Amino acid sequence: MELKNSMKIVLNDILKGKRKVALGGHVRPDGDCVGSCMGLYLYLKDQYPAMSVDVYLEEIPEAYRIISGTDEVKTEAPADETYDLFICMDCGDLLRLGFSRPLFERAKATLCIDHHVSNDSFADDNYIVPDASSTSELVFHLLDTEKITREIAEALYMGIAHDTGVFQYSCTSPETMETAAVLMRKGIDASRIIDKTYYEKTYIQNQILGRALLESMLVMDKKCIVSVIRKKSMDFFQALPSDLEGIVSQLRQTKGVEVAIFLHELAPQKFKVSLRSKGEVDVSEIAKYYGGGGHVRAAGVTMEGSSYDVINNITARIAHQLNHEEEQEPES
Ligand code: AMP
Ligand code: MN
Ligand code: MN
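Chemist: Just to check I follow, could you spell out the confidence of the model for the protein chain for this structure?
Modeler: Where the model shows low pLDDT, its predicted coordinates should not be examined in detail. Per-residue pLDDT for the protein chain averages 95, and the proportion of residues at 70 or more is 95%. Counting interchain partners and residues more than four positions distant, the pLDDT-below-50 stretch residues 1-6 has four contacts.

Chemist: Before we go on, may I ask you to explain the sheet that holds strand S4 (residues 110-114) in this structure?
Modeler: For sheets, the rule is that strands pair by backbone hydrogen bonds, running either parallel or antiparallel. Spatially, S2-S1-S3-S4-S5 is the arrangement adopted by the five strands of the open sheet, whose pairing is parallel. What marks the edges here is a single partner per strand, and that holds for strand S2 (52-56) and strand S5 (125-128). Going across the sheet, the axis of each strand differs from the next one's by a mean of 15°, ignoring polarity. Pairing between strand S3 (residues 85-89) and S4: four bridges, direction parallel. From the neighbouring strand, Met89 faces S4, where its bridge partner is Ile113.

Chemist: Please explain the coordination of the manganese ion (ligand 2) as it appears in this structure.
Modeler: Geometry reference: four tetrahedral donors at a metal, ideal angle 109.5 degrees. Six octahedral donors, ideal angles 90 or 180 degrees. Taken together, His26 (NE2), Asp30 (OD), Asp30 (OD) and Asp90 (OD) make up the protein donors of the manganese ion (ligand 2), found 2.2 to 2.7 Å from the metal. Written as a sequence motif, the donor arrangement for the manganese ion (ligand 2) is H-x3-D-x59-D. The metal-metal distance between the manganese ion (ligand 2) and the manganese ion (ligand 3) comes to 3.6 Å, with Asp90 coordinating both. Separated by 64 residues along the polypeptide, His26 in the loop between strand S1 (20-25) and helix H2 (31-47) and Asp90 in the loop between S3 and helix H3 (101-106) bring together distant segments of the chain. As far as the burial class goes, His26 and Asp90 line up, both buried.

Chemist: Sorry, what's going on with the pattern of salt bridges here?
Modeler: Oppositely charged side chains are able to pair whenever their charged atoms sit close together. Scanning all chains against the criterion turns up 14 salt bridges. Put simply, Arg101 and Glu105 hold a salt bridge, and the shortest N to O gap is 3.0 Å. Taken together, the residues Arg101 and Glu105, both in helix H3 and four residues apart, mark about one turn of the helix. On the basis of relative accessibility, which here comes to 48%, the residue Glu105 falls in the partly exposed class. Between Arg230 and Glu265 there is a salt bridge, with the nearest N and O atoms lying 3.5 Å from each other. Placement of Arg230 in the loop between strand S7 (224-229) and helix H9 (231-237) and of Glu265 in strand S8 (residues 259-267) is noted, with a sequence separation of 35 residues between them.

Chemist: Help me out: how do you make sense of the coordination of the manganese ion (ligand 3) in this one?
Modeler: The coordination sphere of the manganese ion (ligand 3) contains the protein donors Asp32 (OD), Asp90 (OD), His115 (NE2) and Asp163 (OD), at a distance range of 2.1 to 2.2 Å. All donors of the manganese ion (ligand 3) belong to a single chain; written as a sequence motif, their spacing is D-x57-D-x24-H-x47-D. Judged by its relative accessible area of 0%, Asp32 is buried.

Chemist: How do you make sense of the environment of Val182 when you look at a structure like this?
Modeler: Among the secondary structure elements, Val182 is positioned in helix H6 (residues 174-184). Here Val182 is in contact with Phe140 and Thr145, once residues within four sequence places are set aside.

Thresholds, definitions, all that
Residues numbered from 1 in each chain as written. Chains lettered and ligands numbered in written order. Predicted model: local features only at pLDDT ≥ 70, side-chain atom pairs only at ≥ 80, totals over all residues. Heavy atoms only, no water. pLDDT = per-residue confidence, 0-100. Contact = heavy atoms within 4.5 Å. Pairing = 2+ DSSP bridges. Helix = DSSP H or I, 4+ residues; strand = E, 2+ residues; numbered from the N terminus. Axes fitted to C-alpha atoms, helices over the stretch in contact; angles between N-to-C directions. Donors = N, O, S within 2.8 Å, 3.2 Å for Na, K, Ca; no water. Buried < 20%, exposed > 50% of the residue type's maximum accessible area, 1.4 Å probe, protein only. Salt bridge = Lys/Arg side-chain N within 4 Å of Asp/Glu carboxyl O.

Take a look at the structure:
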């Protein structure tokens, strides 16, 4: 593919003369964010030994710590550091970069590698492919395949597996499977990575999932499923925000449902909203409308108001899309 080759040259060009490089990803890092950052981090450390490389991410969920180098991740940004280059990964906008944003803003040059359809190319150089399965797959295409070690392959494989729902979602292309095959041939234990980082849940995670499923409601003529986890439940189960990962995907599995809406109460009258669609509804459009972003079938946003306000606002946008679609359907 021409794009891969030209991008490989760009990565080399972008790194030319850079002595200090920082990598960063989005707040509440998920599998793809950690996989892409760690994959590129390990590669740069191997291939550019004279360059100093740091990776900045919020606290990484425990399960992802099987990936090499995660113990070297920095969770605080030094106030006085200026990097020659900041590489921002899996992050659709600057706000989502969180605590490392000042490092991005101070850096002499910036590069963004991402697959969010809502990304408006905010860095100096941008490698944004909304159709790509994951940022980890994009990182793979920037690297020299022969120089990918087993540790790098483990990181990238985890990222791809997570963002494709273990090679199930429609973003999984033949190229994604070919990338995964190359990574498997690096000697990784693919089953273990999937099991340990994706399927295995702690007792607390299963308990809170159970709670969310039990209290879910069907709305909009059973086209949407909604569930809310309040702060008091988080305290009761002693759950962390990262323990909620996967709940919205499970809600989406419900037969007959088009959209799953999951609310996590961050503070009184403030909710992190996760949206998942089976395809009829573009949830990135809805998230973007309220200041968030994401992909057509998986998006997120933080919203204020009561849970009823939030649900009403979101379902109104869903209805708007569904009705609009009906209007556009040719008469039979
Ligand atoms: P989540 O529901 O948090 O798993 O997020 C689904 C997708 O939407 C991911 O690709 C996120 O990167 C993106 N996303 C989530 N929250 C936001 C937000 N507040 N702003 C922009 N993108 C978001
Ligand atoms: Mn992500
Ligand atoms: Mn991603």
